[in-house]
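Architecture at a glance
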Amino acid sequence: MIIDHASAVPPYRQLAGILRDQIAAGELAPGAMVPSVKRLRQEYGVAETTARKAVALLRDEGLVETVMGWGTFVAKS
């Protein structure tokens with residue numbers, strides 16, 4: 001999937017939606033590491049801030065957990 005920069009939906013919400021769909025489909029399984037901000041930037045052509053906001057949104061929703069010094073992982077529950 002790609003980010004539509006002309007969309008009324010902000011890019012960070014689009015990216016969060018893509019990751020949310022991957023989690024729901026099992027492409028990112030519980031306990032799996034979420035791609036790094038750098039990788040999300042490269043893969044989806046977004047700014048670092050956009051990638052960070054997308055991950056923060058998923059964290060707020062309880063879909064991912066960040067472990068300081070290790071990374072962000074799909075929540076197990």
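**Section: the packing of helix H1 (residues 11-25) against helix H3 (residues 48-60)**
- Direction vectors running N to C along H1 and H3 enclose 55 degrees, while the axes themselves pass 8 Å from each other. Taken together, the axes of H1 and H3 lie oblique to each other. Every pair of crossing elements has a handedness; the one defined by H1 and H3 is right-handed. Between H1, through Pro-11, Tyr-12, Arg-13, Leu-15, Ala-16, Leu-19 and Arg-20, and H3, the contact on the second element is made entirely by Thr-50, Ala-51, Lys-53, Ala-54, Leu-57 and Leu-58.

**Considering the side chain of Thr-72**
- By secondary structure assignment, the location of Thr-72 is in strand E2 (residues 71-74).
- On the basis of relative accessible area, Thr-72 is assigned to the buried category, the value being 13%.
- Within the local environment of Thr-72, its side chain forms a polar contact with the side chain of Thr-66, the two groups lying 2.9 Å apart.
- With sequence-adjacent residues up to four places away left out, Thr-72 is seen in contact with Ala-32, Met-33, Val-34, Val-55, Val-64, Glu-65 and Thr-66.

**A word on H3**
- Taking 1.5 Å of rise per residue, 13 residues should cover 18 Å, and H3 covers 18 Å from first to last C-alpha, within 8% of that figure.
- Regarding H3, the residues found buried are Thr-50, Ala-51, Ala-54, Val-55, Leu-57 and Leu-58. Down the axis of H3, the smallest arc covering the buried residues is 155 degrees, so these residues share one side. The outward face of H3, more than 90 degrees from its buried face, is lined by the exposed residues Thr-49 and Asp-60.
- Elements that come into contact with the buried residues of H3 comprise H1, helix H2 (37-44), strand E1 (64-67) and E2.

Conventions and cut-offs
Residues numbered from 1 in each chain as written. Predicted model: local features only at pLDDT ≥ 70, side-chain atom pairs only at ≥ 80, totals over all residues. Heavy atoms only, no water. Axes fitted to C-alpha atoms, helices over the stretch in contact; angles between N-to-C directions. Helix = DSSP H or I, 4+ residues; strand = E, 2+ residues; numbered from the N terminus. Parallel < 35°, antiparallel > 145°, perpendicular 65-115°, else oblique. Left-handed = near helix turned anticlockwise from the far one by under 90°. Contact = heavy atoms within 4.5 Å. Buried < 20%, exposed > 50% of the residue type's maximum accessible area, 1.4 Å probe, protein only. Polar contact = N/O pair within 3.5 Å; in protein donor to acceptor, adjacent residues only side chain to side chain. Expected span 1.5 Å × (residues − 1). Arc of directions from axis to C-beta.

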